[in-house]
Amino acid sequence: MPRENKINRMIFSITLVLVIILSSTVVFAQEFTDVPDDHWASGYISKINALKVITGYSDETFRPDKNITNLEAIVSITRLFEIDGEDTNKIIEKYKGFIDEINLPDWAKEGIAIALEINLDSEDNLREKLSNESSENVKKVDVCKYIVKAMKLEEEVDNKILVSLPFKDNNEIEPKDAAYIEVLIEKGIINKSGDAEGNFNPDSPVSRAVMSKMLSMAYDHMFIYQKLNISFDEDENNLEENNNNTDEDKENFTITGTITGVLKAGDMMNLRILKDNGEEQLYQVLSNTKTILDGKEISTFNIVAGVILEAVVTDDYDILSINATSVEEEVSGELVSVITGTKNLVVIKNDNNEEIPRMTIDEVDVYINGQAGSLGDLKQGDTLSLKIKNDNVIKIIAESKIREYTGILTTVDFDNMPIIEFKDSYENIKRFDLDDNVTIIRNGEKVDFIDLRIGDEIHLTTEYDDVTMIEANVVRTETNGIINSIIIANTSKIVVANDNGEETTYLLCSNANIKIEDKHKNIYDLRLGHQVNLELESNVIVKLEAKQVEQEFKYMGEMIYKNEASNVIMIKTVDGENILINLTKGTSIIDVSGLKKSISSLKVGDELLVVSTSDGVTLIGKNIIIMQKGELD
C-alpha cells in the first residue's frame, strides 16, 4: 500500500474515532455550574468546550442562554479548523491592515484572519458588521450561511433549483438564503420542525447553547466530508503496524438500532446509528462489509437512513455486516404543493399546520378518489395519505378537495338541519348536510332549499365534503297507482300505492290538471281508492287522471256504538282503531251458523268481522259476520 494512502486511511480512522468520542450520547460530568447533566445541550456544550471552540467563563459558568454576537459567532466557527501555527501567523500577517483598521480585540484577530482566508465572508461585509456592530447579536440566518461555507457546501447550495422549506414563516426568509438553510436541514444540523410554532425566525438571535449544538454537528460532518490538515507524531513504522491490524484481531459484537444518517466521502462511508439502548454512534463501513436489506444482499452504498438493523461491529467502530429491514409508515395531511424536478417533492400540511416535505420515488403510485392518477393530477388542498418506505414516498392515496356528484334526489328534509339524499348511477345513496352558504340553481334559476323536489336530477359540488353548490333540473316522468291518502293544505299532498303496495308521497301542483272519469275536477273530488295515472315533474303532480275502483276493506273488532236511525255502527279493531261503518239495504248480516240477522240484532260488545267497500269518503258495510255475542246479550 502506498504511504500516502496509509496516512489518509490513518487520518480518517483517527478522525472518526475522535468524532465518535466527542459526539456520543454518554452523560458527561458536569463542567459548568449553570449546565446540569440533564440540560438538553449538555453533551454539545461539553464537546465544544473540549474542542476550545466555545469556552466557559472564569466563574465556572457557560451561560447557555446568552445570545452570541456577530464577532463571537465568526471566531467560534473558525476554531473548527486546526491550522498549523506557522500558517496561522502568515494568515494574520496577510490581513493585518484590515484587522488594525476595524480595531479588533486580540482574542478575535486570529479568527477574523482565518474567516477571510477561507472565504467565510468578505472584507466589505465584515467591515460593515464589525466596525460598529461587533457587539450586536448574530442573526440565525447568518450563522447558517457561515456554517455552510465552513463545511465547504457551497456547491450543494448552488445546485439547489427549487427550495421548499417546511416553516410557517418562509415569507420572512430571503430566497437567496433559503438554499443554505435547506442544506443544513439535510445534514441534520437544523431541526426541520422549527420552533414550537413551526417558525424558523431568520432574524432571531442565537444562544450559546444553540450555537454549541450547531457547531458540534457541523464538526462531525466536516471531519467526514472534508480532509482537514491534521498532523500526527507517529512515524511510518507505527502507521504500518496500525494499518496491518486485521479484523480477526478486533473484538466483534452485535448491535441493533436505526440508521439516522448516511455520510459519504468519496469511496468512504459512515453510518450514524441510534442504538436501541439510546446511544447514538458513528460507524465506518468497510470495503467488504456485507449488507442484507429485506432478505436480499445489496451494495452497502445503497443503504438509506430510516432502516432498522442488526449489525456486527468491532470495538473500534468498523461495521463487518448489516442485516437491515425497511421501515414503512403512513402520514396524512392537506396538499400544499408538488415540486417536480430531478427529485419530486410532495409538501403536505398536518393537523398541527406544520408543512412536511417528502421525497417521492421515481415511479410513485398515485390514486385519486379511488382511481389511478399521477402527481400532476393532484391539486392544492387535496387530502393525502402517504405511504413512506425508508423516507421515500412510494404510494399516495388522495381525496380531492373539490368533488362532484350526480344523481336523483330521494330525500329533502328541512325539519331540523337541511339534509338531502340522492341515489347515484350505481344505486348508492349519498347523504349531505347543507348550510346557508350553499348555492342552489334549479332549472337555471337561483332558488332556496325548499324549492328542491324529490326526483330532481342534481349535480352536486363539495369542498372537503361540505356542499358548496347544487344544480337541479326537473325530471318529467309518469306513474300510476291507488290513492291511499289525501292531504289538503297550502301544499297539498297525495299518497299513492303502486302494485306492490309501496307508498310514495307526491306534491300536487296548485294548477294541476285533474280529471275524474274524463271530467275536469279538483282535489276535493278525489277519493281514497281512486285508480290514478300521474304525470310528474320530479315529485310534483302536474296532471292526474282518476277512475273509481271498488276496494274491499276487512275489519275485526268489538262493536262499541250503534245508531239504527242513521244505519251506522262503530267497531273498535284489535289495533285500537275506531272504524265507522255505514249500513245499507244490501248489507248482509249473519251469525257464525249462517243465519241471517238484522241491524237490530247487533248489540254493543259483539265481536264482528266486517267486509266493507269505500267510495273514497265513507265505508259501506257489505258483509257482517257476528263472530261472538257480547256479554250484554
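Higher on the page you've got the structure.
If you're wondering where the values come from, they're calculated on a predicted model, not measured in any experiment.

K.L.:
Run through the overall build of the protein chain, naming residues and quoting values.
P.N.:
From N to C terminus, the protein chain includes 12 helices and 31 strands. Across the 633 residues of the protein chain, 42% fall into the buried class. A separation of at least 24 residues holds for 60% of the contacts in the protein chain among residues at least 6 apart in sequence. Accessible area of the protein chain: about 34200 Å², with a carbon and sulfur share of 44%.

K.L.:
Residues and numbers for the side chain of His39, please.
P.N.:
In this fold, His39 is placed in the loop between helix H1 (3-23) and helix H2 (42-50). Here the side chain of His39 touches Ala41 through a polar contact of 3.0 Å, landing on its backbone nitrogen. Those residues in contact with His39 that lie beyond four places of it in its chain are Pro64 and Ala209.

K.L.:
I'd love a proper account of the sheet that holds strand E15 (residues 429-433), names of residues and values included.
P.N.:
The strand order across the open sheet built from seven strands is E15-E14-E13-E18-E19-E16-E17, with neighbouring strands paired in mixed fashion. The open sheet has two edge strands with one neighbour each: E15 and strand E17 (445-446). As judged from the five bridges shared by strand E13 (residues 402-413) and strand E14 (residues 419-423), these two strands associate in the antiparallel manner. Each residue of the ladder has a partner; that of Ile408, found in E14, is Lys423.

K.L.:
How would you explain the nonpolar core if you had to name every residue and give the values?
P.N.:
In terms of nonpolar packing, the biggest core is built from 64 residues, with Ile112, Ile147, Ile181, Ile190, Met211 and Leu215 touching the most fellow members. Not counting the four nearest positions on each side in its chain, Leu215 is found in contact with Ile48, Val53, Ile54, Ser76, Ile77, Leu80 and Ile147. Among the nonpolar cores identified, the runner-up in size contains 17 residues, and Leu434, Ile440, Val447 and Phe449 belong to it.

K.L.:
Which residues make up the environment of Ile486, and what are the values?
P.N.:
With respect to the helices, strands and loops of the structure, Ile486 is situated in strand E20 (residues 476-487). Judged by its relative accessible area of 25%, Ile486 is partly exposed. In this structure, the C-alpha to C-alpha distance between Ile486 and Leu526, residues 40 residues apart in sequence, is 8.0 Å. Not counting residues up to four positions away in its chain, the partners in contact with Ile486 are Lys493, Ile523, Leu526, Arg527 and Leu528.

K.L.:
Account for unusual backbone geometry, with residues named and values stated.
P.N.:
One non-glycine residue, Asp294, adopts positive backbone phi at about 55°. Among the secondary structure elements, Asp294 is positioned in the loop between strand E3 (280-293) and strand E4 (296-298). Backbone geometry at Ser538 places phi at a positive 60°, although glycine is not the residue there. The class of Ser538 is buried, set by a relative accessible area of 6%.

K.L.:
Lay out the pattern of salt bridges with the relevant residues and their values.
P.N.:
Across all of its chains, the model carries 28 salt bridges by this definition. Where Lys562 meets Glu564, a salt bridge forms, and the shortest distance between an N and an O atom there is 3.2 Å. Classification of Glu564 as partly exposed rests on a relative accessible area of 39%. Several salt bridges share partner residues, and in doing so they unite Asp121, Lys129, Asp142, Lys145, Lys176 and Asp177 into one network.

What counts, and where the lines are drawn
- Residues numbered from 1 in each chain as written.
- Predicted model: local features only at pLDDT ≥ 70, side-chain atom pairs only at ≥ 80, totals over all residues.
- Heavy atoms only, no water.
- Helix = DSSP H or I, 4+ residues; strand = E, 2+ residues; numbered from the N terminus.
- Buried < 20%, exposed > 50% of the residue type's maximum accessible area, 1.4 Å probe, protein only.
- Contact = heavy atoms within 4.5 Å.
- Areas by Shrake-Rupley, 256 points an atom, 1.4 Å probe, with all protein chains shown as cover.
- Polar contact = N/O pair within 3.5 Å; in protein donor to acceptor, adjacent residues only side chain to side chain.
- Pairing = 2+ DSSP bridges.
- Core = buried A, V, L, I, M, F, W, Y, C linked by side-chain atoms within 4.5 Å.
- Salt bridge = Lys/Arg side-chain N within 4 Å of Asp/Glu carboxyl O.

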